Amino acid sequence: MEGFDGHPGTSKLAAVLSQRMKRENESPLVLDFGEIQANYSLVTNTFPVPIPKGDYSVCRSINGYTLATSESSWTGHLQENKHIHSSPSGVPPHSHDVPMPKLKAGDRVLVAWVQSEAVVVDIIEKS
């Protein structure tokens, strides 16, 4: 490669990166497995160079959010001339907070490659 004369290591790295970029452009979407490292960088099976935290995306469903759920819709019906109120499930209205998993070091993850960007889709667990 031009410009790297006398620096064989740099020339080799540039050639590897160039080949990798060409392959990335050939396939717009590839699914991959990866692992979150202790410093929260991401290492995938097809790209074993650590991708620093902040240089990859994470779906919000595994970003530690808490979802609030509620059952508040009531239906009414007549039974023996009395108006009866009940929820669709027969349980009085209530709500729950459902904590979503938060990405942590050591997690095995499903990664979608969207062009050259790694997107962590979900945490993978053994069956």
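You'll find the structure just up there.
## Some words on the pattern of salt bridges
Overall, the coordinates contain one salt bridge when judged by the stated rule. Close ionic contact of Asp107 with Lys104 constitutes a salt bridge, the shortest N to O distance being 3.1 Å. By relative accessible area, which is 48% here, Lys104 ends up partly exposed.

## Considerations on a nonpolar patch on the surface
A cluster of nonpolar side chains, contributed by Leu13, Leu17 and Met21, occupies part of the molecular surface with about 300 Å² of accessible area. Residue Leu17 is classed as partly exposed on the basis of its relative accessible area, which comes to 40%.

## Let's talk about the environment of Lys104
Looking at the element boundaries, Lys104 is found in the loop between β7 (94-99) and β8 (108-114). Taking the C-alpha atoms as reference, Lys104 lies 8.3 Å from Ala38; in sequence the two are 66 residues apart.

## Considerations on the side chain of Thr44
The residue Thr44 is located in strand β2 (residues 42-44) in this model. According to the relative accessible area criterion, Thr44 is buried, its value standing at 2%. Engagement of the side chain of Thr44 in a polar contact is seen with the side chain of Asp32, the distance being 3.1 Å. Apart from residues no more than four positions distant in its own chain, Thr44 is found in contact with Asp32, Phe33, Gly34, Val111 and Trp113.

## A look at the packing of aromatic side chains
Each aromatic ring pair is described using two quantities: the centre-to-centre distance and the angle formed by the ring planes. All chains considered together, the criterion is met by one aromatic pair. Where Phe47 meets Trp113, the ring centres are 6.1 Å apart and the plane angle is 75°; that geometry is what we call edge-to-face. One end of the pair, Phe47, is in the loop between β2 and β3 (57-58); the other, Trp113, is in strand β8, with 66 residues separating them in the sequence. On the basis of relative accessibility, which here comes to 5%, the residue Trp113 falls in the buried class. The cationic tip of Lys53 hangs over the ring face of Tyr40; the distance from NZ or CZ to the ring centre is 5.3 Å. The ring of Phe33 has Arg108 lying over it, and the distance from NZ or CZ to the ring centre is 4.5 Å.

## Observations concerning the pairing of β8
Bridge count between β8 and strand β9 (residues 117-124): seven bridges; the pairing is antiparallel. Each bridged residue has a counterpart across the sheet, and for Val111 the counterpart in β9 is Val120.

## Digging into unusual backbone geometry
Non-glycine residue Tyr40 carries a positive phi angle of around 70°. The class for Tyr40 is partly exposed, based on a relative accessible area of 30%. A positive phi angle, near 55°, is found at Gln115, a position not held by glycine. On the secondary structure map, Gln115 appears in the loop between β8 and β9. Exposure remark for Gln115: the relative accessible area of 56% places this residue in the exposed category.

About the cut-offs
Residues numbered from 1 in each chain as written. Predicted model: local features only at pLDDT ≥ 70, side-chain atom pairs only at ≥ 80, totals over all residues. Heavy atoms only, no water. Salt bridge = Lys/Arg side-chain N within 4 Å of Asp/Glu carboxyl O. Buried < 20%, exposed > 50% of the residue type's maximum accessible area, 1.4 Å probe, protein only. Patch = residues over 30% accessible without salt bridge, like charges linked within 9 Å, V, L, I, M, F, W, Y side chains within 5 Å. Areas by Shrake-Rupley, 256 points an atom, 1.4 Å probe, with all protein chains shown as cover. Helix = DSSP H or I, 4+ residues; strand = E, 2+ residues; numbered from the N terminus. Polar contact = N/O pair within 3.5 Å; in protein donor to acceptor, adjacent residues only side chain to side chain. Contact = heavy atoms within 4.5 Å. Phe/Tyr/Trp six-rings, centres within 6.5 Å; stacked < 30°, edge-to-face > 60°. Lys NZ or Arg CZ within 6 Å of the ring centre and 35° of its normal. Pairing = 2+ DSSP bridges.

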